Amino acid sequence: MTAETLTYAIGDIHGCADLLDRLLERIESHAGDRAKKLVFLGDYIDRGPDSARVVETLRRLQWRAPDDVVCLMGNHEEMLLKSLHEPGALDHWVYNGGAEALASFGVSGPEELPGEVLDWIEALPTLHEDAQRWYVHAGFRSDTEVPDSDRHTRLWIREPFLSEDHDFGRHVVHGHTPQTRGGPDCRRFRTNLDTGAVFGNALTAGVFSESQGPAVEFLRVPAR
């Protein structure tokens, strides 16, 4: 293997298990004999047809290579967890794609989901970092210490994060806000990898090196 490790960050999957399988094949082919790390940016469930298989795939990847696979929490995972114990949260989650997630698991309510799946989701972190980048589902506030410690912000923020040209000290790699043109949003200080796979667009991985913050290239798997 070469000395450098490539990091592949994958945007919002939302139950698109077939796209995930194809993207993982692309990543394997692209990496070849080079060391690699996978960072998934959250929103694995809801809206798409096969949340259950996406979660199974990610858990299997982590089991095989626990030091080289990072799965972050997204706001949809948080909505699922809240549906278990907050009044009114179940309807909100079901309306936002939770119904499709429940169907994929073959259950009628979140309390019927396998305990190991709920435990895995509950343990997901909201931040990952390396020497060049912060990885987060949604983003940060610019008027607080870096990295933003507020869990809600990390999972939900859009504005003003998306419109500000703010240097957070490291390049921010995120998802959460689907890009209507189907390609990643590449800015000076951040990269948005949510390319709207569940809306008929591609699922995207950014390829990141150890020498710079922004991606060196992108791997995209279009919907069929």
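Residues numbered from 1 in each chain as written. Predicted model: local features only at pLDDT ≥ 70, side-chain atom pairs only at ≥ 80, totals over all residues. Heavy atoms only, no water.

Break down the overall build of the chain for me, with residues and values.
Per the secondary structure count, the chain includes six helices and 10 strands. Against the 2.2 N^0.38 benchmark of 17 Å for 224 residues, the chain shows a C-alpha radius of gyration of 17 Å, consistent with a compact globule. The dimensions of the chain, computed from C-alpha atoms along their principal axes, are 45 × 40 × 35 Å. Counting all 224 residues of the chain, 53% fall into the buried class. Taking as baseline every contact in the chain between residues at least 6 positions apart, the subset at least 24 positions apart corresponds to 63%. Of the roughly 10300 Å² that the chain leaves accessible, carbon and sulfur atoms contribute 48%. (Helix = DSSP H or I, 4+ residues; strand = E, 2+ residues; numbered from the N terminus. Rg over C-alpha atoms; globule rule 2.2 N^0.38 Å. Buried < 20%, exposed > 50% of the residue type's maximum accessible area, 1.4 Å probe, protein only. Contact = heavy atoms within 4.5 Å. Areas by Shrake-Rupley, 256 points an atom, 1.4 Å probe, with all protein chains shown as cover.)

Would you mind going over the sheet that holds strand β3 (residues 69–71) in detail, with residue names and values included?
As summarised here, the arrangement of the five strands in space is β3-β2-β1-β9-β10, forming an open sheet in which the pairing is mixed. The open sheet has two free edges, formed respectively by β3 and β10 (217–221), since each of these has just one partner strand. In this sheet, adjacent strand axes meet at a mean angle of 20° when their direction is disregarded. In this sheet, β10 lies alongside strand β9 (residues 203–208) in antiparallel orientation, the contact comprising five bridges. (Pairing = 2+ DSSP bridges. Axes fitted to C-alpha atoms, helices over the stretch in contact; angles between N-to-C directions.)

Tell me about the nonpolar core, residues and numbers included.
As a rule of thumb, soluble globular proteins bury nonpolar side chains together. Counting 53 residues, the largest nonpolar core has Tyr8, Ile10, Ile13, Phe40, Tyr44 and Leu58 as its most contacted members. When residues of this core are assigned to their parent elements, the largest contribution, seven residues, is made by helix α1 (residues 17–31). Setting aside anything within four residues of it in sequence, one finds Phe40 in contact with Ile10, Ile13, Leu20, Leu24, Leu58, Leu61, Val69, Val70, Cys71 and Leu72. In this structure, Leu127, Trp134, Ala138 and Leu162 belong to the second largest nonpolar core, which totals 10 residues. (Core = buried A, V, L, I, M, F, W, Y, C linked by side-chain atoms within 4.5 Å.)

Let's hear about the sheet that holds strand β6 (residues 171–174): which residues, and what values?
Ordered by their spatial adjacency, five strands build an open sheet running β4-β5-β6-β8-β7, and the pairing between neighbours is mixed. A strand with exactly one partner marks an edge of an open sheet, and here the two such strands are β4 (128–129) and β7 (185–186). Pairing geometry for β4 and strand β5 (residues 133–135), over two bridges, is antiparallel. Residue pairing across strands places Glu129 opposite Trp134, the latter belonging to β5.

Break down helix α2 (residues 51–64) for me, citing the residues and quoting the values.
Between its first and last C-alpha, α2 extends 20 Å over 14 residues, near the 20 Å set by a 1.5 Å rise per residue. Where α2 is concerned, the buried positions are Ser51, Ala52, Val54, Val55, Thr57, Leu58 and Leu61. Structurally, α2 contributes buried residues whose contacts are with α1, β2 (35–40), β3, α4 (89–105) and α5 (115–122). (Expected span 1.5 Å × (residues − 1).)

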